[in-house]
Amino acid sequence: MLIIYLHWDSGGVPHCFPQFGPGPMQQHGFARNMDWSILDSENVEGNPVITLELKDGPYSRAMWDFSFQALFKVILNTKSISTELTITNTDNKPFSFSSALHTYFRASVTGASVKGLKGCKTLNKDPDPKNPMEGKEERDRVTFPGFVDCIYLDAPSVVHLDNGLGDTITIRNTNWSDAVLWNPHMQMEACYKDFVCVENAKIGKVQLEPEQSWTAKQHLSIN
Ligand SMILES: O=P(O)(O)OC[C@H]1O[C@@H](O)[C@H](O)[C@@H](O)[C@@H]1O
C-alpha cells in the first residue's frame, strides 16, 4: 500500500537539515539537495533495510562550515515504514541544527484530517513564515480547508492521519519533539489536492559537542 506521495516535482520524505526554514541558510538547509550514499542494505526476515549516509562536502561547507555525518536507516514492511535519523558531530567544535522529515502523504486534501494535536502550542506560519503567530490548537481533528502552514510544538509521540482515501495512518515518533502541517493549496495548483504534509520536526536547536550524536525515530503504519 503506497502511503507516501511521489511526484516528479515533489514528494517523498525530504530531509530538512541543518535548518528547518526559514533562517539564515537557504530554506530547509542542504541535506535534501545532496546525494546520499548507500552504507548498508540487508534483508531482515523478508523486510528490506537500507542505511543511507550523508557527509559534509564543498556544497554543504559553503553554507555551514562543519564536519558531520547523517545516517538514515529505513525499514520497509508491507504495512509500515520505520526510519531512524542519526546526526553525529565529526568536527572538533560544537554545532547546532534544526531538522524535519518533510513527509508527503498521499491524500485527498478535502477529506484529510490529523488527530492528536489538540492542546499543542502552535506557531502559525501563515501569513508570514518569518514571524509566526503563537496560538493553541483547539480542534480534535485538524483539517486542510485551504493553505495550511503550522508548527505544533511539543507534539505527542503518536498522531493519526485520515488521508481522506479510506486509510488511517499512525505516525509515531521518538525524539522528534514537534510537528508541522503543510498544504500549499493554490501555490501548487497542479497537485495540492493529492497530498498533505505531516512532518516530524525538531524546531528548537539541537546542540552537539564533538563526537556527540542525536537520534530520532519515526514509524508510519497503515491500519
Ligand atoms: O517549498 P519548500 O522549500 O519545499 O518548503 C515547503 C514548505 O515546507 C514546510 O515545512 C514549511 O513549513 C513551509 O513554510 C514551506 O513553504
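Calculation notes
Residues numbered from 1 in each chain as written. Predicted model: local features only at pLDDT ≥ 70, side-chain atom pairs only at ≥ 80, totals over all residues. Heavy atoms only, no water. Helix = DSSP H or I, 4+ residues; strand = E, 2+ residues; numbered from the N terminus. Rg over C-alpha atoms; globule rule 2.2 N^0.38 Å. Buried < 20%, exposed > 50% of the residue type's maximum accessible area, 1.4 Å probe, protein only. Areas by Shrake-Rupley, 256 points an atom, 1.4 Å probe, with all protein chains shown as cover. Lys, Arg positive; Asp, Glu negative; His and termini not counted. Charge placed at Lys NZ, Arg CZ, Asp CG, Glu CD. Pairing = 2+ DSSP bridges. Axes fitted to C-alpha atoms, helices over the stretch in contact; angles between N-to-C directions. Contact = heavy atoms within 4.5 Å. pLDDT = per-residue confidence, 0-100. Near = heavy atom within 4 Å. Polar contact = N/O pair within 3.5 Å; in protein donor to acceptor, adjacent residues only side chain to side chain. Nonpolar A, V, L, I, M, F, W, Y, C, P; charged D, E, K, R; others polar.

### A few points about the overall build of the protein
- A tally of regular secondary structure across the protein gives one helix and 17 strands.
- Its C-alpha radius of gyration of 17 Å places the protein within 12% of the 17 Å reference for a compact globule of 223 residues.
- By the burial criterion, 49% of the 223 residues in the protein qualify as buried.
- By element, 50% of the accessible surface of the protein is carried by carbon and sulfur atoms, the whole surface being about 11000 Å².
- On the protein, the mean spot of the 20 positive side-chain charges and the mean spot of the 26 negative ones are 4 Å from each other.

### Remarks on the sheet that holds strand β14 (residues 168-174)
- With antiparallel pairing, the nine strands of this open sheet are ordered in space as β2-β3-β4-β5-β17-β14-β13-β8-β11. Edge positions in the sheet fall to β2 (37-44) and β11 (141-143), since each of these pairs with one other strand and no more. Pairs of neighbouring strands in the sheet enclose a mean axial angle of 15°, with direction left out of account.
- Sheet analysis places strand β5 (residues 80-89) next to strand β17 (residues 213-222), joined by nine bridges and oriented antiparallel. By the bridge assignment, S82 is partnered in β17 with H219.

### Some details on the environment of I171
- Within the secondary structure layout, I171 lies in strand β14.
- Residue classification places I171 among the buried positions, given a relative accessible area of 2%.
- Note: C-alpha distance between I171 and H160 (11 residues apart in sequence) is 6.0 Å.
- Setting aside anything within four residues of it in sequence, one finds I171 in contact with F105, S157, V158, V159, L161, V198, N200, H219 and L220.

### Details of the confidence of the model for the protein
- Here the protein averages 97 in pLDDT, and 100% of its residues register 70 or above.
- Listed scores for the predicted complex are pTM 0.97 and ipTM 0.97.

### Looking at the site of the ligand
- Around the ligand, a shell composed of F20, Q27, H28, R32, H102, K125, D149, V180, W182 and E199 is seen.
- One of the side-chain N or O atoms of E199 is found 2.9 Å from an oxygen atom in the ligand.
- Considered on its own, the ligand offers 390 Å² of accessible surface; in the complex 78% of this is hidden by protein.
- Here the residues of the shell around the ligand sort into three nonpolar, three polar and four charged.

### A word on the pairing of strand β3 (residues 47-55)
- With seven bridges connecting them, β2 and β3 associate as antiparallel partners. From the neighbouring strand, V44 faces β3, where its bridge partner is N47.
- Linking β2 to β3, which pair antiparallel, is a turn of two residues; within it E45 sits at a positive phi near 50°.
- Relative to strand β4 (residues 68-76), β3 runs antiparallel, the two sharing seven bridges. Each residue of the ladder has a partner; that of E53, found in β4, is L71.

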